[in-house]
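Tertiary structure, described
Residues per chain are reported as follows:
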Amino acid sequence: DIGGGHIPVQYVNAWLQGGPRFRLSREDFVWFTASTDRRKKIRFSADVLYSGGKQNHFDVLEFTGGITYQPSNALFISLSPQFASYPHKTQYVTEVNYSGSPRYITSEIDNKTLSAAFRINYSINPNLTIQYYGQPFIARGRYSNFNYVTDPVAKNLGDRFHLFGPGQIRQSEEGNYNVDEDLDGAMDYSFENPDFSLVEFRSNLVLRWEYVPGSELYLVWSQNVSNLIDPSQALLSGLETGIFDQRPQNIFLMKLTYRLVL
């Protein structure tokens, strides 16, 4: 399957998070999906989405692959990795006060995510099943070319913001950004470094036993890791640092149901 579309104009009320509505540039997008014969024991799939804003305002690239192995009705195994990139020139950063008026700071962002969903479903018999789901995930955002909004609904992208020039913004030793907007030698305002890299791993192992018709026992083992790491790390090495080098949170649950026949 293949398709696409065009968005001639779009306004987002929440883009500046409490500020005025913001205009996003005209957008063209195309998507493509393909998969092999679903009747086979081994199946493959691929999904691609690309979207681009005019004047290089933003891009969206998502790629999802898939491999499924199902040798019988009792066993199902799948792996679905995904990579996505969301660069943007006016990503919201923060709101500051300048000369008694709100100043909305945006910037260029290099935003990437990487994940992989793994599933196993196994039916030992009609009354006893095992299910497992696990997904490592990392989202990393690096900010640059900071600017402030001047005319949020201007037709031309360059008229919607003003890029900070040389001497107007500099990063302190603590990592914060100090802004001397009027270039008088005194700091007018500052904001924290918005760079981030979030790593998560979530998994669930579920055993279901229908010990009598209509009555079931569930045993669940849930594992969770969530961590912020150095944004300078690459995606793959960040996953290793943020997951394997961390102590997970483990939750064990049991649920018992019994059907009363009245």
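Computed from a prediction, not measured in an experiment: that's the story for all the values here. Each chain carries its own residue numbering, running from 1 in the direction its sequence is written. Totals for whole chains, interfaces and linings use all residues, but because this is a predicted model, local features are given only for residues with pLDDT of at least 70 and pairs of side-chain atoms are given and counted only at 80 or more. Calculation of side-chain values draws on the structure's entire complement of heavy atoms; hydrogens and water are dropped beforehand.

**With respect to the overall build of the protein**
Helical segments are the DSSP runs of H or I of at least four residues, strand segments are the runs of E of at least two, and each set is numbered from the N terminus. From N to C terminus, the protein includes one helix and 17 strands. What the globule rule says is 2.2 Å times the number of residues to the power 0.38, and the radius of gyration is computed from C-alpha atoms. On C-alpha atoms alone, the protein measures out to a radius of gyration of 25 Å, which is more than a quarter above the 18 Å that the 2.2 N^0.38 rule sets for 262 residues. For the protein, the share of sequence-separated contacts (at least 6 apart) that also reach a separation of at least 24 residues comes to 55%. The Shrake-Rupley method, run with a 1.4 Å probe, gives the accessible areas here. Residue values count only the displayed protein chains as cover. As displayed, the protein offers around 15700 Å² of accessible surface, 55% of which is attributable to carbon and sulfur atoms. Throughout, a contact is declared for two residues whenever any of their heavy atoms are within 4.5 Å.

**Topic: the sheet that holds strand E12 (residues 169-171)**
The strands making up a sheet are joined through hydrogen bonds of the backbone, oriented either antiparallel or parallel. In space, the three strands of this open sheet follow the order E12-E13-E14, with antiparallel pairing throughout. Looking at which strands have only one partner, the edges of the open sheet turn out to be E12 and strand E14 (189-191). Taken over all neighbouring pairs, the strand axes of this sheet differ in orientation by 25° on average, direction set aside. Sheet analysis places E12 next to strand E13 (residues 177-179), joined by three bridges and oriented antiparallel. Residue pairing across strands places Gln171 opposite Tyr177, the latter belonging to E13. The pairing criterion for strands is at least two bridges between them, as found by DSSP. Every angle, taken between N-to-C directions, lies between 0 and 180 degrees, and every axis is a line fitted to C-alpha atoms, over only the stretch in contact when it is a helix.

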